[in-house]
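Breakdown of the fold
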Amino acid sequence: MDRIESLELNIPATAKLRVVIIGGGFGGMKLAEKLSCKDFQLVMFDKHNYHTFQPLLYQVASAGLEPDSIAGPLRQIFASKEDFHFRLLKVTSVNPDANTISTVAGDLAYDYLILANGVKVNYFGNESVKAHSFPLKTIPNALNLRSQLMQMFERANMSNRPDEVDTMLDIVLVGGGPIGVEMAGALVELRKHVLPNDFPELDFTKMSIHLIEGSDRLLAAMSAKAGARALSDLQKMGVNVRLNTMFDSYDGTVARLKSGEEIRTKTLIWSAGVTGDLLAGLKPDMVERGRILTDENCKVKGSPNIYAIGDVAMMKTDKYPKGHPGVAQPAIQMGAYLGKHLKDFHLGKTVAPFKYFNKGDLAAIGRGKAVADLPGNIQFGGRLAWYIWLFIHIAYLVSFRNRLLVFSSWVWNFFTYDKGNRLIIRSFVRDDDPVGKALLQLNETD
């Protein structure tokens, strides 16, 4: 991409070592928090000016939370940190030989580069899914999906054609990981407790929620017991779960399975996979299966001064031969480890290898329903797991304000069954929806 001449990076010169951090997610934020600005100048790049608590994106999409309750401005988070500089820019490439990164505003030299830019949605080359489905990796994704859902319910309420109503009410989720499971549970709660009050003319008992998973179980990253419990709970809640079912294509109205079966829906939520958000310029031997290879100290293979942490990193160990799981905890722990030891690495000191401590895995299925895998091979589900899920997710939010907003929303929802964020603040219409485009144009005409 060509440089935009009117933009400049405007990073002050420094005699200190410059550390460039790409990504303000869990890993990049923890690293910046731990690094001393007495020793380093920190420059962080991100295409958003906020940190997102991604585990709760599905609640924004399902109208349970507002986006500002799970996000925190990066500038505010690091306001007290001297010689910290944030730039709202996407890094387009890296030059490991010249020790520079490139953006549309210009290039910047670094002494150390930290790749913490996470992952992006993997469509596995399926262009029809990429064009028509709804991913759930960012706040804009969540807001688009929320608008889509609410708009479909409004349009179904105006239709007198049963087949058209079914297509607008029915929802397909592809991918039986935490996003698919938790989103399916949230949609059931909408169907049962909220939508019948909003739209008394519609019969929501006919609203079908389909969860498609290509393997033989849900929650593959958790224990078999957790996957079985999630399957049982979702089926009891009325979700049509299909295991060992391969997905084929989607044209915006018809979802086709490899078996030949077709499901008519206007909303397909894609959570079937991710891949590393890799920068141009990385050498081929630095990358394996869409992730960046690192040694036991988070250093990128073949580089003296580039490190990778979090989802984008693949650190192979005996326990994790395919790299650490793509969840928040490895990213947080890698960020803390590198923040603590980067000065030692610069001084050539020997540092013990990074060791990941798995604090456990949790997934919510619905009100009073969750599954937990805790250290010591402790596995259970139900209300206790749900309470633990609630506590952990509030505790790891980025600020007290976020914790207060989420807690108050959850308390209100618990007692009233009212997800009060069912607002279509910004309409979202796909290119394959001419009726939606016509309605949007008419409604926005003064």
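The rules behind these values
- Residues numbered from 1 in each chain as written.
- Predicted model: local features only at pLDDT ≥ 70, side-chain atom pairs only at ≥ 80, totals over all residues.
- Heavy atoms only, no water.
- Pairing = 2+ DSSP bridges.
- Helix = DSSP H or I, 4+ residues; strand = E, 2+ residues; numbered from the N terminus.
- Axes fitted to C-alpha atoms, helices over the stretch in contact; angles between N-to-C directions.
- Contact = heavy atoms within 4.5 Å.
- Core = buried A, V, L, I, M, F, W, Y, C linked by side-chain atoms within 4.5 Å.
- Buried < 20%, exposed > 50% of the residue type's maximum accessible area, 1.4 Å probe, protein only.
- Phe/Tyr/Trp six-rings, centres within 6.5 Å; stacked < 30°, edge-to-face > 60°.
- Lys NZ or Arg CZ within 6 Å of the ring centre and 35° of its normal.

**Structural notes on the pairing of strand β20 (residues 291-294)**
Relative to β20, strand β19 (residues 287-288) runs antiparallel, the two being bridged by two bridges. In the strand pairing of β20, Glu 288 is matched with Arg 291.

**Regarding the sheet that holds strand β25 (residues 378-381)**
Strand order across the open sheet formed by three strands is β23-β24-β25, with antiparallel pairing between neighbours. Looking at which strands have only one partner, the edges of the open sheet turn out to be β23 (361-366) and β25. Neighbouring strand axes in the sheet, compared pairwise and without regard to direction, differ in orientation by 5° on average. As paired strands, strand β24 (residues 369-374) and β25 are joined by four bridges and run antiparallel to one another. In the sheet register, Ala 372 faces β25, and the bridge partner there is Phe 380. Sheet strands in contact with helix α8 (residues 224-236) are β23, β24 and β25, and its direction is about 180° off that of β24. Along the sheet, helix α10 (residues 383-395) makes contact with β23, β24 and β25, crossing β23 at roughly 110°.

**Focus on the nonpolar core**
Proteins that are soluble and globular tend to have nonpolar side chains buried together. With 69 residues, the main nonpolar core has Leu 56, Ile 70, Phe 153, Leu 173, Met 183, Leu 187 and Leu 234 as its most contacted residues. Core analysis: the second largest hydrophobic core is formed by 30 residues, Ala 32, Phe 84, Phe 86 and Ile 114 among them.

**A word on the packing of aromatic side chains**
For the structure on display, the rule yields 16 aromatic pairs. Ring plane angle 55° and centroid distance 6.3 Å describe the contact between Tyr 337 and Phe 345, whose orientation is recorded as tilted. For the pair Tyr 337 and Phe 345, a shared accessibility class is recorded, and that class is buried. These aromatic residues form a ring-pair network of at least three members: Tyr 112, Tyr 307, Tyr 337, Phe 345 and Phe 354. Directly above the aromatic system of Tyr 417 lies the positively charged group of Arg 367, at a separation of 3.9 Å from the ring centroid.

**Observations concerning the sheet that holds strand β21 (residues 306-308)**
Pairing between the strands of a sheet is mediated by backbone hydrogen bonds and can be parallel or antiparallel. Read across the open sheet, the five strands follow the order β5-β2-β1-β9-β21; overall the sheet is parallel. Only two strands of the sheet have a single neighbouring strand rather than two, namely β5 (84-88) and β21. For this sheet, the mean inter-axis angle between neighbouring strands, taken without regard to orientation, is 20°. In this structure, strand β1 (residues 17-22) lies alongside strand β2 (residues 40-46), joined through six bridges in parallel fashion. Its bridge partner lying in β2, Ile 22 is registered against Phe 45. On top of the sheet, helix α1 (residues 26-34) reaches β1, β2, β5 and β9 (112-115); it is set at about 160° to β2, its chief contact.

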